[in-house]
Amino acid sequence: MADDAARADASAAIEAASSELRQVSLSIHANPELGFEERHAHEVLTDLLDAHGFAVERSAYGVETAFKAVAGNGGPVMAVLCEYDALPGIGHACGHNLIAISGIATGLGLQAVLGEGNGTVVVLGTPAEEGGGGKIALADAGAFEGVDAALMLHPAPLARAGGGEASGLAGPVDGLVRPLMTATQGLAVDFYGRPAHAAASPWDGLNALDALVAGYSAVAMLRQHIRPDQRIHGIITEGGTATNVVPEHTQARFGIRGRDRAAVDELRVRVLACFEGAAQSTGCRLEYRWGASGYDDLRTNGRMADAFVANAATLGSTFATAPTNAYASTDMGNVSYLVPSIHPMFGIPAQFANHHPGFTEAAASEEAHERTLTAAKALCHTALDLYGDADLLAAAKQEFGETV
Ligand SMILES: [Zn+2]
Ligand SMILES: [Zn+2]
């Protein structure tokens, strides 16, 4: 365990930056940007790190909106991850503006107490979590080589402690420290038929919309016969161009999720069969494309999670320790297969879950900001434990080796 003076100094550094961090968080919130287009967030976050003396590399690892900011030197090396992409139409409905400042806050806390040669903190700006897999691109470019452990936080509407439950508002900081996030894989399907006048000569046509609807319906029937922790969900992105023309081309996108990569692979075969059958029965041609890289399930490191829970408790925050399935997915899952990782979820007062406009509103609240800083202090203290306690880091690595 890190000594109390270091913890206090780190917390003080985070607290001292509170208003700066709040400003940056609100600025990102007010300017929501989609994955790989987060130019404003990239600018304000790197400017802040620069102003605080981090060695900042903008557009790191060949990704325009990624960054790397380093403080301290020597080993061990801890990576603290920021996210800052938004969702189409509903802005920061996943609260990534809070994740962004949680990473910076943690970095500032560590920078304040890492003495000469005691270790390095790398604050990584990881774009496009909502589907683009920015962390996978960074990992492929070597971002996690030489990293001993990776840490990040995520907000959620976890309202389970301390009196706020009846009102639907969260009580004290609370969360699922070991969310079981599923593996996921994207699928794009295209059907090609033959156009014809829909009334005058429909017998000359091959209906690509019929093919897509048949495939969609088959997937809907398949859903009854999949495991409770598997998911299939999708949208039709092209359904034809005119009511009086037999649709020649249609298109849809799906997400397929399961407990781990093997479960997703098993489900992929069954989903694809739905579309292949539809192609055969309608005479249309199917083209499909799997997403370039799926997301792995999240392998939360138990030793690091235990340290985080203990640190949060000393800050007056209660985190549930039992694994609970969040049914969401994250590219942090891929990172968790590369290095020992944690991705604790902390509660903010929200009456709606992530990806709902109500959560967008919650992510800008003053209370959410305070919760974010408290969670960041706990994460920072956990990193201090890993720097200062070689046995803990070794145990975390041993567990990682045994479970991945
Ligand atoms: Zn999200
Ligand atoms: Zn998110």
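From a predicted model like this one, the values you see are computed outputs, not experimental measurements.

Cut-off values and rules
Residues numbered from 1 in each chain as written. Chains lettered and ligands numbered in written order. Predicted model: local features only at pLDDT ≥ 70, side-chain atom pairs only at ≥ 80, totals over all residues. Heavy atoms only, no water. Domains from an automatic or database assignment. Salt bridge = Lys/Arg side-chain N within 4 Å of Asp/Glu carboxyl O. Nonpolar A, V, L, I, M, F, W, Y, C, P; charged D, E, K, R; others polar. Helix = DSSP H or I, 4+ residues; strand = E, 2+ residues; numbered from the N terminus. Expected span 1.5 Å × (residues − 1). Buried < 20%, exposed > 50% of the residue type's maximum accessible area, 1.4 Å probe, protein only. Arc of directions from axis to C-beta. Polar contact = N/O pair within 3.5 Å; in protein donor to acceptor, adjacent residues only side chain to side chain. Donors = N, O, S within 2.8 Å, 3.2 Å for Na, K, Ca; no water. Contact = heavy atoms within 4.5 Å. Pairing = 2+ DSSP bridges. Axes fitted to C-alpha atoms, helices over the stretch in contact; angles between N-to-C directions. Phe/Tyr/Trp six-rings, centres within 6.5 Å; stacked < 30°, edge-to-face > 60°. Lys NZ or Arg CZ within 6 Å of the ring centre and 35° of its normal. pLDDT = per-residue confidence, 0-100.

Pulling in residues and values, what's your account of the domain arrangement of the protein chain?
The assigned domain composition of the protein chain is domain 1 (4–180 + 298–403) and domain 2 (183–290). Computed from C-alpha coordinates alone, the two centres of domain 1 and domain 2 are separated by 37 Å. If you look at where domain 1 meets domain 2, you find zero salt bridges. Tallied by class, the residues present in the side of domain 1 that touches domain 2 amount to three nonpolar, three polar and no charged.

Tell me about helix H1 (residues 4–16), and name the residues and values.
Here H1 is 13 residues long and its end C-alpha atoms lie 18 Å apart, about the 18 Å a rise of 1.5 Å per residue gives. The complete set of buried residues in H1 reads Ala-6, Arg-7, Ala-10, Ser-11 and Ile-14. The buried residues of H1 all sit within an arc of 130° when viewed along its axis, so they share a single face. Among the exposed residues of H1, those pointing more than 90 degrees away from its buried face are Asp-4 and Ala-16. Where H1 begins, the side chain of Asp-3 points an oxygen toward the backbone nitrogen of Ala-5, at a separation of 3.1 Å.

Give me the coordination of the zinc ion (ligand 1): which residues, what numbers.
Around the zinc ion (ligand 1), the protein supplies Cys-94 (SG), Glu-130 (OE) and His-355 (NE2) as donor atoms, at distances of 2.0 to 2.3 Å. All donors of the zinc ion (ligand 1) belong to a single chain; written as a sequence motif, their spacing is C-x35-E-x224-H. A spacing of 3.1 Å is found between the zinc ion (ligand 1) and the zinc ion (ligand 2), which share Cys-94 as a donor. Of this pair, Glu-130 sits in the loop between strand S4 (119–125) and helix H5 (134–140) while His-355 sits in the loop between strand S16 (345–347) and helix H10 (357–362); the two residues are 225 residues apart in sequence, bridging distant segments of the chain.

Would you mind going over the coordination of the zinc ion (ligand 2) in detail, with residue names and values included?
Metal coordination angles have textbook ideals: 109.5 degrees for a tetrahedral set of four donors and 90 or 180 degrees for an octahedral set of six. Those donors, Cys-94 (SG), His-96 (NE2) and His-154 (NE2), are the protein atoms that reach the zinc ion (ligand 2), and they lie 2.1 to 2.3 Å from it. Positions of the donor residues of the zinc ion (ligand 2), expressed as sequence spacing, correspond to C-x1-H-x57-H.

Break down the environment of Asp-260 for me, citing the residues and quoting the values.
Counting through the fold element by element, Asp-260 comes out in the loop between strand S11 (249–258) and helix H7 (261–282). When near neighbours in sequence (up to four residues on either side) are disregarded, Asp-260 contacts Ala-183 and Asp-297.

Lay out the side chain of Thr-126 with the relevant residues and their values.
Note that Thr-126 resides in the loop between S4 and H5. Engagement of the side chain of Thr-126 in a polar contact is seen with the backbone oxygen of Cys-82, the distance being 2.7 Å. There is a polar contact of 3.3 Å between the side chain of Thr-126 and the side chain of Lys-135. Setting aside anything within four residues of it in sequence, one finds Thr-126 in contact with Leu-81, Cys-82, Glu-83, Tyr-84, Lys-135 and Leu-138.

Help me get a handle on the sheet that holds strand S15 (residues 341–342), residues and values and all.
Read from one edge to the other, the open sheet built from six strands follows the order S1-S2-S4-S3-S5-S15, with strand pairing classed as mixed. Sheet topology places strand S1 (55–58) and S15 at the edges, where each strand pairs with a single neighbour. Relative to strand S5 (residues 149–151), strand S3 (residues 77–82) runs parallel, the two sharing three bridges. Among the inter-strand pairings, Val-80 is bridged to a residue of S5, identified as Leu-151. Docked against the sheet, helix H3 (residues 39–51) engages S1, strand S2 (67–73) and S4, running at close to 160° with respect to S1.

With reference to specific residues and values, describe the packing of aromatic side chains.
In total, this model carries five aromatic pairs according to the counting rule given. Between Tyr-288 and Trp-290, the aromatic rings sit 6.1 Å apart at their centres with planes inclined by 75°, giving edge-to-face as the arrangement. Residue classification places Tyr-288 among the partly exposed residues on the basis of a relative accessible area of 39%. In this structure an aromatic cluster arises from ring pairing among Phe-191, Tyr-216, Phe-254 and Phe-275. The ring centre of Trp-290 lies 4.2 Å from the NZ or CZ of Arg-268, which sits over that ring.

Any chance you could break down the confidence of the model for the protein chain for me, citing the residues and the numbers?
Put simply, the protein chain has an average pLDDT of 92, and 92% of its residues get 70 or more. Every residue in residues 159–173 scores below 50 in pLDDT, and together they form 36 contacts with partners more than four places removed in sequence or on other chains.

Could you give me a rundown of unusual backbone geometry, with the residues and numbers involved?
Outside of glycine, negative phi angles account for most residues, and trans bonds account for most peptide bonds. The omega torsion of the bond from Gly-75 to Pro-76 falls at -5°, within 30 degrees of zero and hence cis. Relative to the helices and strands, Pro-76 resides in the loop between S2 and S3. You will see that Tyr-61, though not glycine, has its phi angle at about 60°, which is positive. Its location among the elements puts Tyr-61 in the loop between S1 and S2. One non-glycine residue with positive phi stands out, namely His-355, at about 75°.

Hey, could you go over the sheet that holds strand S10 (residues 231–238) for me, with residue numbers and the actual values?
Here four strands make up an open sheet; going across it, the order is S10-S11-S9-S12 and the pairing antiparallel. Looking along the sheet, the strands with just one partner apiece sit at the ends: S10 and strand S12 (285–290). For this sheet, the mean angle separating the axes of adjacent strands, direction not counted, is 20°. Each of strand S9 (183–192), S10 and S11 touches helix H6 (residues 208–222); the most contacted strand, S11, lies at about 15° to it. Set on the sheet, H7 makes contact with S9, S10, S11 and S12; between it and S9 the angle comes to about 10°.

Please give an account of helix H12 (residues 390–403) that cites residues and values.
Spanning 14 residues, H12 covers 20 Å between terminal C-alpha atoms, matching the ideal 20 Å at 1.5 Å per step. Along H12, the residues that are buried comprise Leu-392, Leu-393, Ala-395, Ala-396, Glu-399 and Phe-400. What you see down the axis of H12 is that its buried residues fit within an arc of 160°, all on one side. Exposed residues pointing more than 90 degrees away from the buried face of H12 are listed as Ala-390, Asp-391, Gly-401 and Glu-402. On its buried side, H12 packs onto S3, helix H8 (302–314), helix H9 (332–336) and helix H11 (366–388). A side-chain oxygen of the first residue of H12 lies 3.0 Å from the backbone nitrogen of Asp-391; this N-cap is Asp-389.

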